[in-house]
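Observations on the model geometry
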Amino acid sequence: MTGLPPTPAQTVGPFFGYALPFTGGGDIVPISHPDAITVHGYVFDGAGQPIPDALVEIWQADRDGGLTGAPGSLRHDPVDGSVVGRDHVEFTGFARVPTDADGHWAVRTVPPGAHSANATPYLAVAVFARGLLHHLYTRVYLPEHATALSADPALSGLPADRLSTMVAAAERDRRYRFDIRLQGEGETVFLAFE
Amino acid sequence: MSNEPSQRDIDTQIAEQAGRTGLDHPSRDYPAYRSSLLRYPTQALTVIRDPEAVELTGPVFGVTDVTELDHDLTQGGFAEPGGQRITVTGVVKDRQSKPVRGQLVEIWQANAAGRYAHQRDQHPAPLDPNFTGFGRCLTDDEGRYEFTTIRPGAYPWRNHRNAWRPAHIHFSLFGTAFAQRMVTQMYFPGDPLFPYDPILQSVTDPAARERLVATYEHDLSVPEWSLGYRWDIVLDGPAATLFEEDGR
Ligand SMILES: [Fe+3]
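What you see is a predicted model, and the numbers here were worked out from it, not measured in a lab. (Residues numbered from 1 in each chain as written. Chains lettered and ligands numbered in written order. Predicted model: local features only at pLDDT ≥ 70, side-chain atom pairs only at ≥ 80, totals over all residues. Heavy atoms only, no water.)

What follows concerns the overall build of chain B. Secondary structure summary: chain B contains three helices and twelve strands in total. Along the longest, intermediate and shortest principal axes, the C-alpha atoms of chain B span 60 × 50 × 35 Å. Every one of the 248 residues in chain B was classed for burial, and the buried ones make up 55%. Here chain B has roughly 11,400 Å² of accessible surface; of this, 52% comes from carbon and sulfur atoms. The averaged location of the 34 negative side-chain charges in chain B is 7 Å from the averaged location of its 24 positive side-chain charges. (Helix = DSSP H or I, 4+ residues; strand = E, 2+ residues; numbered from the N terminus. Buried < 20%, exposed > 50% of the residue type's maximum accessible area, 1.4 Å probe, protein only. Areas by Shrake-Rupley, 256 points an atom, 1.4 Å probe, with all protein chains shown as cover. Lys, Arg positive; Asp, Glu negative; His and termini not counted. Charge placed at Lys NZ, Arg CZ, Asp CG, Glu CD.)

What follows is about the environment of B:Gln13. Residues and elements named next belong to chain B. Assignment of secondary structure puts Gln13 in helix H1 (residues 7-17). Separated by 117 residues in the primary sequence, Gln13 and Asn130 place their C-alpha atoms 40 Å from one another. The residues touching Gln13, leaving out its near neighbours within four places in the chain, are Pro31 and Ala32. (Contact = heavy atoms within 4.5 Å.)

So, about the nonpolar core. In terms of nonpolar packing, the biggest core is built from 41 residues, with B:Tyr145 and B:Phe171 touching the most fellow members. Contributions of two or more residues to this core are made by H1, strand S2 (85-94), strand S3 (104-108), strand S5 (144-150), strand S8 (168-173), strand S9 (182-187), helix H2 (198-201) and strand S12 (233-235) of chain B. Discounting residues that sit within four places of it in the chain, B:Tyr145 has contacts with B:Val88, B:Thr89, B:Gly90, B:Val91, B:Val92, B:Val105, B:Cys137, B:Thr139, B:Phe171, B:Trp231 and B:Ile233. Ranked by size, the runner-up nonpolar core spans 35 residues in total, among them A:Val12, A:Ala61, A:Leu163 and A:Leu191. (Core = buried A, V, L, I, M, F, W, Y, C linked by side-chain atoms within 4.5 Å.)

So, about the interface of chain B and chain A. Buried accessible area, meaning the area lost when the parts come together, often serves as the stated size of an interface. The interface is formed by 86 residues belonging to chain B together with 72 residues belonging to chain A. When chain B packs against chain A, close to 7,100 Å² is buried across both sides, 59% of that on carbon and sulfur atoms. Of all residues in chain B, the largest losses of buried area upon contact with chain A belong to B:Arg39, B:Ile48 and B:Arg95, amounting jointly to 12% of the total for that side. Between B:Glu55 and A:Arg139 there is a salt bridge whose closest N-O contact spans 2.8 Å. Where chain B touches chain A, the interface holds 46 residue pairs in polar contact (both at pLDDT 80 or more). Secondary structure elements with two or more residues in the side of chain B that touches chain A: strand S1 (46-48), S2, S3, strand S4 (134-138), S8, S9, H2 and S12 of chain B. (Buried area = accessible area lost by both parts, 1.4 Å probe. Salt bridge = Lys/Arg side-chain N within 4 Å of Asp/Glu carboxyl O. Polar contact = N/O pair within 3.5 Å; in protein donor to acceptor, adjacent residues only side chain to side chain.)

Here is the structure:
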């Protein structure tokens with residue numbers, strides 16, 4: 001692609017924790033929402049060890065497939081200026097969660113709608129970490145869409161075992177497991193956009 | 001002798017990759033930055049050319065997400081923070097030179113002594129109770145951002161023996177497309193630590209590396225108040241964003 005040369009990426013480093021995560025960052029909808037699902041998992045390195053200093057961001061369509069989002073993910077307390085998070089009136093479509101000391105992350109949201117006719121819905125994911133010089137993109141597809149995904153022309157070049165790294169596993173109680181493996185066996189499919 | 005590499009070992013690894021031109025971004029596989037060893041994918045990225053992709057849109061932010069005070073990292077304490085007050089400003093554009101308007105810019109950094117307000121930074125430099133170390137703002141209609149802060153200090157880290165990071169400010173940026181998301185670091189001109197730092201040197205093309213360095217601009221300095229630096233940012237992203245002129 002031509003045009004202005006881009007500013008290079010650099011790692012998020014180890015010390016983003018007091019700057020980027022915000023209150024309620026993983027709650028795109030509250031757990032009490034009647035359609036709420038939980039998507040959660042671990043981020044693993046090439047030795048299979050959980051990564052405690054990664055940051056996961058999600059961007060997604062609303063239930064109707066709308067991709068307009070809304071401001072207000074980082075609403076401020078008007079008195080002391082601290083970030084109190086969203087009001088859950090508007091659907092912002094954006095989540096940001098750091099991994100825990102055990103490499104675990106979780107978001108609560110609603111299943112995304114199809115963003116265009118015949119599209120297979122998904123959560124767009126960006127992954128940042130200390131040691132990762134340039135962030136990575138992947139997608140979370142829900143297992144009920146796995147069949148549609150395998151026919152999706154945008155990803156038709158991928159073998160089934162690779163494609164499956166982008167499909168969450170159904171657990172109990174509207175809970176889905178999605179692990180992100182940065183390297184090695186079961187390495188997650190990461191995406192570039194052109 | 002420990003297994004800890006020396007600066008000379010790291011210099012050798014940096015030299016092996018130096019001058020690989022034509023790459024705008026760091027290679028994720030960059031051995032001199034030892035934390036990268038187990039954290040880069042070994043499979044090629046899967047290229048998506050779907051003009052309907054969700055990633056061609058992105059989250060939006062507004063006045064509820066940022067307060068007027070958030071762009072000034074020197075406010076909020078009971079006194080002025082230690083160190084040299086600076087103003088950092090610039091324009092965020094996409095590769096078609098279109099300004100990125102109304103989008104969120106976040107920064108975080110060490111204080112003047114090189115210490116982060118993070119419990120995992122335990123090196124013996126003082127914390128500064130009058131310095132928050134993080135800020136955010138929205139770009140204006142011309143794509144401009146501005147922060148008032150303190151010039152950060154260099155700090156030691158454990159990549160290798162006697163490893164020191166050049167002074168830098170971490171930046172997080174959003175474009176109109178999630179595929180334009182960017183996290184990077186801004187450096188200060190003339191820092192003698194540049195050649196020793198594997199994170200900066202991971203950008204192997206000298207011209208690309210230069211784009212991470214702010215310029216001192218005397219007209220941006222405010223008398224009796226702050227020194228001015230300009231750092232313009234160009235967000236990478238898919239060509240498809242070109243056709244989103246009307247956006248939202
Ligand atoms: Fe840093």
